[in-house]
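Take a look at the letters that make up each chain.
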Amino acid sequence: MKSVLVRPEIAAAVVVVLCLLGLLALAPATLPLNCDMECGEALLSLRAAHQFRDYGIDYGLLENLGTHEEPSIYTHNVNIGTLTFVGLEALGVADSYKFLLPLAAFGLGLAYVYLAVRRMSGNDLLALVTLVLFAATYWGLGAYALNALRSWHLLAFFAVIHHSCGVARLGWSSKEIAGLCVGTIAAFGCGYDFWIICAAVALLVGFANLNAYSLRRTVVLAFGLGAVFALPFVLRQLHVIWAMSLSYWAQDFVYSVAIKVPYATDFIDIPSLDVIDAYYRDRHVLRPPAQPSNNAAQIFFTFQHMIKSVTVPRWGLVSLLTLAGVLAVVVLPSVWRSPLARYIRILIVPATLGVVIGLVIFVPFSLHVYFKHEFPLIAFVLLLAKGVAVYFFISIILASQAVWKIAMASAVVLIFAVDMAMVHWNNSTYGPVLNYNWGKVFAQHSKDRIALTTYKLIPVADSYIGIDASRAVYRTPEQMLEGPTDARYWVYQPGDRFVDFDSPVPLCRWVDWISQLANWRKPQQAGVSCIYDQPLPANATRQSSVADIIRASAGKYDVVEYDNSTNGYVILQRKDQ
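Note that the coordinates shown come from a computational prediction; the quantities given were computed from them, not determined experimentally. (Residues numbered from 1 in each chain as written. Predicted model: local features only at pLDDT ≥ 70, side-chain atom pairs only at ≥ 80, totals over all residues. Heavy atoms only, no water.)

Visitor: Explain the overall build of the protein chain here, please?
Guide: Of regular secondary structure, the protein chain possesses 22 helices and seven strands. Relative to its length of 577 residues, the protein chain is compact, with a C-alpha radius of gyration of 25 Å against a globular reference of 25 Å. The principal-axis extents of the C-alpha atoms in the protein chain amount to approximately 80 × 65 × 50 Å. Counting across all 577 residues of the protein chain, residues that qualify as buried make up 51%. Contacts spanning at least 24 positions in sequence make up 72% of the contacts within the protein chain whose residues lie at least 6 apart. Here the protein chain contributes 41 positive and 38 negative side-chain charges, whose respective centroids are spaced 10 Å apart. (Helix = DSSP H or I, 4+ residues; strand = E, 2+ residues; numbered from the N terminus. Rg over C-alpha atoms; globule rule 2.2 N^0.38 Å. Buried < 20%, exposed > 50% of the residue type's maximum accessible area, 1.4 Å probe, protein only. Contact = heavy atoms within 4.5 Å. Lys, Arg positive; Asp, Glu negative; His and termini not counted. Charge placed at Lys NZ, Arg CZ, Asp CG, Glu CD.)

Right under this line is the structure:
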């Protein structure tokens, strides 16, 4: 079916621009710090820019999570956010404008969504419908648009897809090679794990889009894509060798492969983790917590509960069932030869398989990144599948003459729209959000000392949250309720409620929106995890809720402000002041 749009490119451009303007309008007052999904890596990028401003090219521009005097160098994943923010700092760009770069990268990623779908389907309307779904999805996608690192995922993934298809169909032109290099460098800048995922997707998409299959064409494509993906990896290894020495690089490489790749320790002999940790400490290098994972049953157990407790609430059952249905429908003989089925086979199937392959290589680490924290990845295949489904029913509405068909197709499109709205409502109301609206108390009471019992970010975040570090003190509830204090105001916010999945004592408040409205939630049992259905550890304790603190402090404090949202807080004032 031909597109009904006269100028689809203009329509796509309008969608992208409106999306970016909408994200700016919805952004919190703490720009460029948007903590709706995650903001720690954005803070590290700002911190790196400040370190460059103060000390210049320090430690070879490797990420330093410590101080200049006591460094803690992170030599593994490249953080494209830190490198780009350092570059912007070198150009004299103020912090309040640095966020425009990740926003622009996100916008370019949306443009690549449209271009990739149009190239592989040959259908402008399908490309536009898919773009609209991507642009309209905030939680799990748009909320990362101001993130210095995670905003690049969308660009990397779809640039790699678009240009892998291009080299498979049209050959290795300079335009396709340049675009593929941009995608691979951005993917590598997002982390080794995401780079491997994109490499697997690129290879499968390229194979699926070859015009003619032969051993020579397949080998040339595989080696060509391998060479392009190897380029940023080689450059990074040379960077680490230059900054840290060849001997360090070689030892670190062995340890990293053994620890992060499942079952690698069956073939690589390494010392105990205590010895390995001491090796890194002696060199002022940060080794994030990780250990060899050879227990497939435990990995699957973790995966199962992440899907149930994070992915299903985040995306809803309709999105997950749509992906399963779209992948299954292409095997039906009646639809095998249709253009839509071919599009599914050459894009959605290889993209999904590539994601699965990339995730398996780094399990269980990849599960924590893309399922627990929901960094942008799962969104891509879910929204591609939803785009196909919505387009299919829209095409029936536009082409059919039968009233009953139009009515049925319209009802299905309406169901998708309602589901999308309800998923957004559910995530906004019950999903884990870093709520820092309490920061305004420092401006409202500019001469008072304020006690904080909440999640503590690194100091560079203070100015964006509104914290005056000279007047802020971090205190426990016991200190504020039982002992004397010189703080007139107290902000209480239970930090262990950010990620219910791995909280000491989960509440299981966050379920899919249908279960939420029907109140189909697992009941709390004393001493039993409502996520794992297993006894809680003997020392597992949950932080007091906001309501508990209000009741406990009634004789000593008055309530100034009470926020009862997904991750609420209370601002209290001492009665004797």
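Let us keep going from here.
Visitor: Sorry if this is basic, but what is going on with the sheet that holds strand S6 (residues 557–563) here?
Guide: Strands pair in a sheet through their backbones, by hydrogen bonds, and they do so in one of two ways: parallel or antiparallel. One open sheet holds the five strands; their spatial order is S4-S3-S5-S7-S6, and the pairing between them is mixed. Strands at the two margins of the open sheet, each flanked by one partner only, are strand S4 (472–474) and S6. The average angle at which neighbouring strand axes cross in this sheet is 25°, direction not considered. Sheet topology note: the strand S3 (residues 450–453)/S4 ladder contains three bridges and is parallel. Residue alanine 451 lies in a different strand from S4, and its bridge partner there is valine 473. (Pairing = 2+ DSSP bridges. Axes fitted to C-alpha atoms, helices over the stretch in contact; angles between N-to-C directions.)

Visitor: Hey, could you run me through the layout of surface pockets in this one?
Guide: In this approach, a probe sized like a water molecule rolls over the atoms, and the result shows the empty space that is left. Of the pockets and cavities examined, the second largest pocket occupies roughly 580 Å³. As for the second largest pocket, its lining consists of 23 residues, of which Ser338, Leu340, Val388, Tyr391 and Phe392 are closest to the centre. Where the lining of the second largest pocket is concerned, the elements lending two or more residues are helix H13 (296–329), helix H14 (339–361) and helix H16 (378–399). Top contributing element to the lining of the second largest pocket by residue count: H16, with seven residues. The class makeup of the residues in the lining of the second largest pocket is 16 nonpolar, seven polar and no charged. (1 Å grid on protein atoms, 1.4 Å probe; cavity = no way out; pocket = protein on both sides within 12 Å on 5 of 7 lines; lining within 4 Å. Points joined across faces, edges and corners; volume = space filled by probe spheres on them. Nonpolar A, V, L, I, M, F, W, Y, C, P; charged D, E, K, R; others polar.)

Visitor: Would you take a moment to explain the side chain of arginine 150 for this structure?
Guide: In this structure, arginine 150 sits in the loop between helix H6 (124–136) and helix H7 (152–170). Separated by 3.0 Å, the side chains of arginine 150 and histidine 153 make a polar contact. (Polar contact = N/O pair within 3.5 Å; in protein donor to acceptor, adjacent residues only side chain to side chain.)

Visitor: Even after reading the chapter, I still don't get empty space enclosed by the protein, so can you show me in this structure?
Guide: Per the counting criterion, the structure on display carries four cavities of 30 Å³ or more. Approximately 130 Å³ is the volume found for the largest cavity. Residue lining of the largest cavity: Ala48, Gln51, Phe52, Gly56, Asp58, Leu61, Leu62, Glu63, Asn64, Thr82, Leu83 and Val86, and that is the complete set. Residue classes in the lining of the largest cavity are distributed as six nonpolar, four polar and two charged. Within this model, the second largest cavity holds a volume of roughly 50 Å³. What lines the second largest cavity is Leu61, Leu62, Glu63, Tyr74, Asn77, Val78, Asn79, Thr82, Leu83, Arg236 and His239. Among the secondary structure elements, those contributing two or more residues to the lining of the second largest cavity are helix H3 (80–90) and helix H10 (215–244).

Visitor: How do you make sense of the state of the cysteines when you look at a structure like this?
Guide: Note: disulfide means a covalent bond formed between the sulfur atoms of two cysteine side chains. Within this structure, the stated rule accounts for two disulfides. Put simply, cysteine 508 and cysteine 530 are joined by a disulfide, and their sulfur atoms are 2.2 Å apart. When the S-S torsion is 100°, as for the bridge of cysteine 508 with cysteine 530, the disulfide is right-handed. Of the two residues, cysteine 508 is situated in the loop between strand S5 (489–492) and helix H21 (513–518) and cysteine 530 in the loop between H21 and helix H22 (546–552); the sequence distance between them amounts to 22 residues. What makes cysteine 530 buried here is its relative accessible area of 5%. Lacking any disulfide linkage, cysteine 190 is separated from the closest cysteine sulfur, that of cysteine 198, by 7.6 Å. (Disulfide = S-S within 2.5 Å.)

Visitor: Hey, could you run me through the pattern of salt bridges in this one?
Guide: Two side chains bearing opposite charge may form a pair once their charged atoms approach each other closely. Summed over all chains, the structure comprises 15 salt bridges. Between glutamate 41 and arginine 150 there is a salt bridge, with its nearest N and O atoms 2.7 Å apart. You can see glutamate 41 sitting in helix H2 (residues 40–55) and its partner arginine 150 sitting in the loop between H6 and H7, a full 109 residues away along the chain. Residue classification places glutamate 41 among the buried residues on the basis of a relative accessible area of 15%. For aspartate 533, the salt bridge identified is with lysine 522, shortest N-O distance 3.3 Å. Of the two residues, aspartate 533 sits in the loop between H21 and H22 while lysine 522 sits in the loop between H21 and H22, which places them eleven residues apart along the sequence. For aspartate 533, a relative accessible area of 49% gives the class partly exposed. In the salt-bridge network here, residues are joined through shared partners; they are Glu9, Arg118 and Asp124. (Salt bridge = Lys/Arg side-chain N within 4 Å of Asp/Glu carboxyl O.)

Visitor: Hey, could you run me through the packing of aromatic side chains in this one?
Guide: Given two aromatic rings, one states the distance between the centres and the angle between the planes to describe the pair. Tallied over the entire structure, the rule returns 27 aromatic pairs. Between tyrosine 144 and phenylalanine 375, the aromatic rings sit 5.9 Å apart at their centres with planes inclined by 80°, giving edge-to-face as the arrangement. Highlighted residues: tyrosine 144 in the loop between H6 and H7 and phenylalanine 375 in the loop between helix H15 (365–372) and H16, separated in sequence by 231 residues. Among the aromatic side chains, those forming a connected cluster through ring pairs are Phe134, Phe157, Phe158 and Phe380. Above the ring of tyrosine 474, the side-chain terminus of lysine 456 is found at 4.6 Å from the ring centroid. (Phe/Tyr/Trp six-rings, centres within 6.5 Å; stacked < 30°, edge-to-face > 60°. Lys NZ or Arg CZ within 6 Å of the ring centre and 35° of its normal.)

Visitor: Looking at this structure, I do not really get the pairing of S6. What am I missing?
Guide: Look at any regular strand and the pattern is simple: side chains alternate between the two faces of the sheet. Looking at chain direction, S6 and strand S7 (residues 569–574) are connected through six bridges and run antiparallel. Considered in S7, the bridge of glutamate 561 is made with isoleucine 571. Linking S6 back to S7 in an antiparallel pair, the connection comprises five residues.

Visitor: I tried to follow helix H17 (residues 403–430) on my own but got confused; where do I start?
Guide: Spacing of three or four residues puts side chains on the same side of an α-helix, whose turn is 3.6 residues. Along its 28 residues, H17 runs 40 Å from first to last C-alpha, staying within 8% of the 40 Å computed at 1.5 Å per residue. Of the positions making up H17, those classed as buried are Ala409, Phe416, Asp419, Met420, Val423, Asn426 and Asn427. Those residues of H17 hidden inside the fold are in contact with H6, H13, H16 and H21. (Expected span 1.5 Å × (residues − 1).)

Visitor: Even after reading the chapter, I still don't get a nonpolar patch on the surface, so can you show me in this structure?
Guide: Taken together, the side chains of Ile10, Val14, Val17, Leu18, Leu21, Leu24, Tyr97 and Leu100 present a nonpolar region at the surface, about 730 Å² in accessible area. Considering each element in turn, the nonpolar patch owes the most residues, six residues, to helix H1 (residues 8–26). With respect to the helices, strands and loops of the structure, valine 14 is situated in helix H1. (Patch = residues over 30% accessible without salt bridge, like charges linked within 9 Å, V, L, I, M, F, W, Y side chains within 5 Å. Areas by Shrake-Rupley, 256 points an atom, 1.4 Å probe, with all protein chains shown as cover.)

Visitor: Looking at this model, I keep getting lost on the nonpolar core. Mind explaining?
Guide: Grouped together as the largest cluster of nonpolar side chains are 102 residues, with contacts concentrated most on Phe134, Phe157, Phe158, Ile161, Phe194, Tyr343 and Phe380. Element by element, the count of residues in this core is highest for H16, at twelve residues. In this structure phenylalanine 158 touches Tyr112, Val113, Ala116, Phe134, Phe380 and Leu384, once residues within four positions along its chain are discounted. One finds Leu46, Phe85, Tyr489 and Tyr569 within the second-largest nonpolar core, a separate group that totals 29 residues. (Core = buried A, V, L, I, M, F, W, Y, C linked by side-chain atoms within 4.5 Å.)

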